[in-house]
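For reference, the chains in residue letters:
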Amino acid sequence: MLKTYSLFLAVPYTIALMVGSLMSLKNMPDTGVDYADKIFHFLAYAILCFLWVLVFHFTLQKPLKKAVLFGAGFAILFGIIIEVLQGTLTKERSLDAYDAIANSLGALTTSAIILLKGKLGLKNG
């Protein structure tokens, strides 16, 4: 299913992540979890990278290593651009280098897992 619908999952997810990243978060509840913001960034960009790796590999027919490189590159660049936009376009949000690092680590972790899985020859299901 992910193979078939990867583009239809990746594009709306990317748009939702962009909108959520640029909107005001004044009324968001406090989770009470230390570094919850950084954990969210890590997970959000791990998912973003995974979805775009699927797009590059299955929809655009790129070899897995290239798909991982493109997916990670897209997620990292997207995260940096969003952080810059938060610092320039919004009044309630600000550019945070630690958010960009969490974004990048999420994308790189996903990439490493995908490549490791492929290198070990693990099979699905």
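Residues numbered from 1 in each chain as written. Predicted model: local features only at pLDDT ≥ 70, side-chain atom pairs only at ≥ 80, totals over all residues. Heavy atoms only, no water.

If you look the protein up in an unreviewed UniProt entry, it shows as VanZ family protein from Hyunsoonleella rubra.

Undergrad: Summarise the pattern of salt bridges; cite the residues concerned and give the values.
TA: Taken as a whole, this structure holds three salt bridges when the rule is applied. Linking aspartate 99 and lysine 38 is a salt bridge whose minimum nitrogen-to-oxygen distance equals 2.6 Å. With aspartate 99 in helix 4 (residues 97-120) and lysine 38 in helix 2 (residues 36-59), the pair connects residues that are 61 residues apart, well separated along the chain. What you see here is one network of salt bridges that share partners, running through Asp37, Lys38, Asp96 and Asp99. (Salt bridge = Lys/Arg side-chain N within 4 Å of Asp/Glu carboxyl O. Helix = DSSP H or I, 4+ residues; strand = E, 2+ residues; numbered from the N terminus.)

Undergrad: Explain the packing of helix 2 against helix 3 (residues 64-89) to me, using residue names and the numbers behind them.
TA: Close contact between helix 2 and helix 3 brings their axes to 8 Å; oriented N to C, the two are set at 140°. Classified by the interaxial angle, the pair formed by helix 2 and helix 3 is oblique. Relative to helix 3, the crossing made by helix 2 is right-handed. In contact with His41, Tyr45, Leu48, Cys49, Trp52, Val53, Phe56 and His57 of helix 2, helix 3 contributes Leu64, Ala67, Val68, Phe70, Gly71, Ala72, Phe74, Ala75, Phe78, Gly79, Ile82 and Glu83. Here the contact of helix 2 with helix 3 is composed, by residue class, of 15 nonpolar, four polar and one charged. (Axes fitted to C-alpha atoms, helices over the stretch in contact; angles between N-to-C directions. Parallel < 35°, antiparallel > 145°, perpendicular 65-115°, else oblique. Left-handed = near helix turned anticlockwise from the far one by under 90°. Contact = heavy atoms within 4.5 Å. Nonpolar A, V, L, I, M, F, W, Y, C, P; charged D, E, K, R; others polar.)

Undergrad: Hey, could you go over the packing of aromatic side chains for me, with residue numbers and the actual values?
TA: Each aromatic ring pair is characterised by the separation of its centres together with the angle its planes make. Within the structure shown, the criterion is met by five aromatic pairs. Between the aromatic rings of tyrosine 45 and phenylalanine 78, the centroid separation amounts to 6.3 Å while the plane-to-plane angle is 40°, which identifies the pairing as tilted. Taken as a pair, tyrosine 45 in helix 2 and phenylalanine 78 in helix 3 lie far apart in primary sequence, 33 residues in all. Consider the rings of phenylalanine 74 and phenylalanine 78, whose centres lie 5.8 Å apart with planes at 20°: the pair is stacked. On the criterion of helical spacing, the pair formed by phenylalanine 74 and phenylalanine 78 is a turn pair, its members being four residues apart in helix 3. Take phenylalanine 78: its relative accessible area is 13%, and that puts it in the buried class. Counting every residue linked through ring pairs, the aromatic cluster contains Tyr45, Trp52, Phe56, Phe70, Phe74 and Phe78. (Phe/Tyr/Trp six-rings, centres within 6.5 Å; stacked < 30°, edge-to-face > 60°. Buried < 20%, exposed > 50% of the residue type's maximum accessible area, 1.4 Å probe, protein only.)

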